[in-house]
Protein chains: 2
Amino acid sequence: MTPEAVLSWFRGKRVLITGGAGMLGSTIALKLVEAGARVKVLDAMLATYGGNLFNLEPVRDQIQFLQADLRSPEAVLSAVEGAEVVFNLAAQVSYIDSNRDLITDLDINCKAQINLLEAAQKAGARPKIVFASSRFVYGKIEYNPVDEKHPFNCLSIYGIHKLVAEKYHKFFTLQHGIPTVSLRIANPYGPRQQMKHSKYGIVNWFIRSALEGKPLTVYGEGLQARDYVYVEDVAWAFLYAAWSDRTGGECYNVGSGTGTPFQEMAHRVAELVPGTRVIHTEWNLENQLVETGNYVTDISKIRRDTGWGPHVSIGEGVARTLDFYRRNRELYWKSDSPLAEVQP
Amino acid sequence: MTPEAVLSWFRGKRVLITGGAGMLGSTIALKLVEAGARVKVLDAMLATYGGNLFNLEPVRDQIQFLQADLRSPEAVLSAVEGAEVVFNLAAQVSYIDSNRDLITDLDINCKAQINLLEAAQKAGARPKIVFASSRFVYGKIEYNPVDEKHPFNCLSIYGIHKLVAEKYHKFFTLQHGIPTVSLRIANPYGPRQQMKHSKYGIVNWFIRSALEGKPLTVYGEGLQARDYVYVEDVAWAFLYAAWSDRTGGECYNVGSGTGTPFQEMAHRVAELVPGTRVIHTEWNLENQLVETGNYVTDISKIRRDTGWGPHVSIGEGVARTLDFYRRNRELYWKSDSPLAEVQP
């Protein structure tokens, strides 16, 4: 299936995007407006989270924006009303924070998900729901590339709760006939990610550091492989998963399908910002305890069921991301931001 | 290891049992008092739940009883203080109710578990925690006998939340060094189970029905295999799992290790109460959607790591249970109880 054909499927469709002011949600929103969908964006705009209204600037007159929190059942009910497709991205997305404040993670990543699914059930329209899960459900990695049958060796509360929320979605498919699909995203990066702190992804944080003339810090030798996937590719995966009628009740990995050593990624960023230094430091205990080992995504299942595949290499993606923040830096961070906490 | 040696390990130990006024908790409490442990029982005594103070009657002067709810972080903190072993059984245990009231199940079976684990962490004593999980984590069964590597095809919110709570326990082992172990109990039955409604187990409900002169209702032919495990055997599994130093961070199945067709169990009850009829009826949709298929437990892992094994056959267990309720019927139900909802 061509991207154009997938886009045309969305023409006139009523689509809700939860967490739609964040990196991935806004990237999806831009594509849906281009496709002629009727787009409603819900975002709680929590202070340290990923929502940024500038992300939606290019389409602000063509979407309906609701500032609301999924933790409120009433707000969710009116938001879901009439939706034919829901891209369900609203979340607490820092695994570091999840391990420090378990109850907040539970409330946002579990309880709020129940609210959304019950609202969809009550709304009666049985929308197709595409849920943003994470590679963190796999935790400690036993083999590579990682397919969807890999054990769930969760190392973080975030990973545990993403697994639960996947199972809620599947439960509503089995019990209530609402088609749902969960996408386990590897390490996403790209334009429109929040840059206030480092807890949402290290590629973006390195880009900020480089633009500020700071060195990029690598733990140990930095040989651990990661599957960095560009947000445009992830957004397309969500559109394909919504469109395909083979995805109901399923879980799919989404990644670039290739592993990049951490230090290679650091050097790619450094090379594009002349003068940037890469320095090596020791692992600290907190990072060691949550280190998953190498991670490379097996993306054959989603490719088979939807025809989706990634198109943007790490080099190209880093270059595009750098370009975006060079142009829009002042809209994403102030230079007096708090100290970084690195998520490798 | 002999049962006597395991019991002697508990002599003088400070033990907390959450949900300790229920069937399993009280059975454990009786053994611990016999062993000379210092036993604290916490139970919220929720109206339709399993707590019954008569369960603890034989040891009421030898234990400390706290009526408190794990949903209150403060109550949990003071209860856990000083405990060397925690048997963590407090729960909402009806999968039927879990599918109707997801948020209550979340609050009791997830949030309250976080409260307990955080309290244990704060208490500093690093108690060994033995958590009561369930065969429902496996949901739809793919093969028998079911070992601990079986996929988690949860069909109920209860099953999903038991899986989450297992992962919380494991997380606190990995991150905070608190030794925890989860036991996935098959179909437990026996003396001291609540008999007000049928949602906690069908063996006990059939025993009540037979004692009241009512017929026993079997869905379809009743050929589905279940692993009915007598509460005394389950209680011993908890003691062995607490005692063994090989169980930290692990999950184990607990069952009889044998499959009994549903209708055979019904006929065993009927034969022991002369005049009892067994009737067959059609499946209803709600039960069909949560039917797991045959379930027989592979108990080799817990046998290998702790030496525990079951000793009470289904015939012997049903006879003992009948005898208990014949003597104590008026303490477990009034004859004007509401209609049954059967959990096969």
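Residues numbered from 1 in each chain as written. Chains lettered and ligands numbered in written order. Predicted model: local features only at pLDDT ≥ 70, side-chain atom pairs only at ≥ 80, totals over all residues. Heavy atoms only, no water.

This part takes up the interface of chain B and chain A. Listed as interface residues are 27 residues of chain B and, on the opposing side, 27 residues of chain A. Note on chain B versus chain A: buried area summed over both sides is about 2400 Å², and carbon and sulfur give 72% of it. Counting across the chain B and chain A interface gives two salt bridges. Between Asp107 of chain B and Lys111 of chain A there is a salt bridge; the shortest N-O distance is 3.2 Å. (Contact = heavy atoms within 4.5 Å. Buried area = accessible area lost by both parts, 1.4 Å probe. Salt bridge = Lys/Arg side-chain N within 4 Å of Asp/Glu carboxyl O.)

Let's shift gears to the packing of helix α5 (residues 102–123) of chain A against helix α5 (residues 102–123) of chain B. Orientation of α5 of chain A relative to α5 of chain B, taken along the N-to-C sense of each, is 170°, at an axis distance of 11 Å. By the angle between their axes, α5 of chain A is roughly antiparallel relative to α5 of chain B. Facing Leu102, Ile103, Leu106, Asp107, Cys110, Lys111, Ile114, Asn115 and Glu118 of chain A of α5 of chain A, the residues of α5 of chain B in contact are Leu102, Ile103, Leu106, Asp107, Cys110, Lys111, Ile114, Asn115 and Glu118 of chain B. (Axes fitted to C-alpha atoms, helices over the stretch in contact; angles between N-to-C directions. Helix = DSSP H or I, 4+ residues; strand = E, 2+ residues; numbered from the N terminus. Parallel < 35°, antiparallel > 145°, perpendicular 65-115°, else oblique.)

Put simply, an interface is often sized by how much accessible area is lost when its parts join up. Residues and elements named next belong to chain A. Looking at the assigned domains, one finds that chain A contains domain 1 (3–188 + 230–254) and domain 2 (190–226 + 258–296 + 312–331). Computed from C-alpha atoms alone, the centre-to-centre distance between domain 1 and domain 2 is 25 Å. Tallying the contact residues gives 37 residues for domain 1 and 26 residues for domain 2. Both faces combined, the contact of domain 1 with domain 2 buries some 2800 Å², and carbon together with sulfur accounts for 52% of it. For the domain 1 face of the interface with domain 2, the top three residues by lost area are Phe54, Arg135 and Tyr230, together amounting to 22%. Taking the shortest distance from any N to any O, the salt bridge between Asp97 and Lys199 comes out at 2.9 Å. Put simply, domain 1 and domain 2 have 13 residue pairs in polar contact (both at pLDDT 80 or more) between them. Taken together, the elements giving at least two residues each to the side of domain 1 that touches domain 2 come down to α2 (23–35), α4 (95–100), β7 (187–189) and α8 (231–243). Per-element accounting of the side of domain 1 that touches domain 2 gives the leading share, five residues, to α4. (Domains from an automatic or database assignment. Polar contact = N/O pair within 3.5 Å; in protein donor to acceptor, adjacent residues only side chain to side chain.)

As a further point, take the side chain of Lys13 of chain A. Residue and element names in this part refer to chain A. Within the secondary structure layout, Lys13 lies in the loop between α1 (3–9) and β1 (14–18). The buried charged residue Lys13 lacks any salt bridge partner; its closest oppositely charged side chain belongs to Glu84, at an N-O distance of 5.2 Å. Ignoring sequence-local partners within four residues, the contact set of Lys13 consists of Ala37, Arg38, Glu84 and Val85. (Buried < 20%, exposed > 50% of the residue type's maximum accessible area, 1.4 Å probe, protein only. Lys, Arg positive; Asp, Glu negative; His and termini not counted.)

All names here are of chain A. Tallied over the entire structure, the rule returns 36 aromatic pairs over all chains. Note on Tyr325 and Tyr332: the rings are 5.2 Å apart at their centroids and 85° apart in plane angle, and the pair reads as edge-to-face. Of the residues examined, Tyr332 reaches a relative accessible area of 5% and is grouped as buried. One aromatic cluster is present, built from ring pairs that chain together Phe54, Phe324, Tyr325, Tyr332 and Trp333. Sitting over the ring of Tyr252, Lys301 keeps its end group 4.9 Å from the ring centre. (Phe/Tyr/Trp six-rings, centres within 6.5 Å; stacked < 30°, edge-to-face > 60°. Lys NZ or Arg CZ within 6 Å of the ring centre and 35° of its normal.)

Once chain B has been moved 0.0 Å along the axis and rotated by 180°, it coincides with chain A to within an RMSD of 0.0 Å. Expressed as an axis order, the relation between the two copies is that of a two-fold axis. Among all residues of chain B, the one whose C-alpha sits closest to the rotation axis is Val164 of chain B, at a distance of 3.4 Å. The fraction of interface residues of chain B whose copies in chain A are also interface residues reaches 100%, indicating that both copies meet through the same surface. (Least-squares fit on C-alpha atoms with pLDDT ≥ 70 in both.)

All names here are of chain B. The seven strands are arranged β3-β2-β1-β4-β5-β6-β11 in an open sheet whose pairing can be described as parallel. If you trace the sheet from one side to the other, it starts and ends with β3 (63–67) and β11 (250–254), each paired once. Averaged over all neighbouring strand pairs, the angle between strand axes comes to 20°, with direction disregarded. Two strands pair when backbone bridges link them, and strand β2 (residues 38–43) and β3 are joined in this way by five bridges, in the parallel orientation. When the bridges of β3 are listed, Leu42 appears paired with Leu66. Along the sheet, helix α2 (residues 23–35) contacts β1 (14–18), β2, β3, β4 (85–88) and β6 (180–185); its crossing angle with β1, the most-contacted strand, is approximately 165°. Sitting on the sheet, helix α8 (residues 231–243) is in contact with β4, β5 (128–134), β6 and β11, with an inclination near 145° to β5. (Pairing = 2+ DSSP bridges.)

Residue and element names in this part refer to chain B. The end-to-end C-alpha distance of helix α12 (residues 314–328) is 21 Å, a good match for the 21 Å that 15 residues give at a rise of 1.5 Å each. Within α12 the residues assigned to the buried category are Ile314, Gly317, Val318, Thr321, Leu322, Phe324, Tyr325 and Asn328. Viewed end-on, α12 has its buried residues packed into an arc of 160°, placing them on one side of the element. (Expected span 1.5 Å × (residues − 1). Arc of directions from axis to C-beta.)

Among the nonpolar cores identified, the biggest contains 160 residues, and Phe10, Phe87 and Phe238 of chain A together with Phe10, Phe87 and Phe238 of chain B are the most heavily contacted of them. When residues no more than four places from it in sequence are discounted, the contact partners of Phe87 of chain B are Phe10, Val15, Leu16, Ile17, Thr18, Ile28, Leu32, Val130, Phe238, Leu239 and Ala242 of chain B. (Core = buried A, V, L, I, M, F, W, Y, C linked by side-chain atoms within 4.5 Å.)

Here we come to the state of the cysteines. Counted under the stated rule, the structure contains zero disulfides over all chains. The cysteine Cys251 of chain A is free of any disulfide, with Cys154 of chain B supplying the nearest cysteine sulfur at 11 Å. Of all cysteine sulfurs in the structure, the one in Cys110 of chain A sits closest to Cys110 of chain B, which takes part in no disulfide; the separation is 6.3 Å. (Disulfide = S-S within 2.5 Å.)

So, about the environment of Pro188 of chain B. Structurally, Pro188 of chain B is set in strand β7 (residues 187–189). Once the C-alpha coordinates of Pro188 of chain B and Asp227 of chain B are considered, the two residues, 39 residues apart in sequence, prove to be 8.3 Å apart.

Before going further, it helps to spend a moment on the pairing of strand β5 (residues 128–134) of chain A. Residues and elements named next belong to chain A. Burial of β5 is extensive: seven of the seven residues sit out of reach of the surface. Taking every second residue as pointing to the same face, both faces of β5 are buried, with Lys128, Val130, Ala132 and Ser134 on one and Ile129, Phe131 and Ser133 on the other. Handedness of the crossover joining β5 and strand β6 (residues 180–185) through helix α6 (residues 157–176) is recorded here as right-handed. (Right-handed = clockwise from strand over helix to strand, strands pointing away.)

Here the focus is the side chain of Arg135 of chain A. All names here are of chain A. By secondary structure assignment, the location of Arg135 is in the loop between β5 and α6. Within the local environment of Arg135, its side chain forms a polar contact with the side chain of Asn187, the two groups lying 3.0 Å apart. A distance of 3.0 Å separates the side chain of Arg135 from the side chain of Thr292, its partner in a polar contact. Excluding residues within four positions of it along the chain, Arg135 makes contact with Arg184, Ile185, Ala186, Asn187, Arg226, Thr292 and Tyr295.

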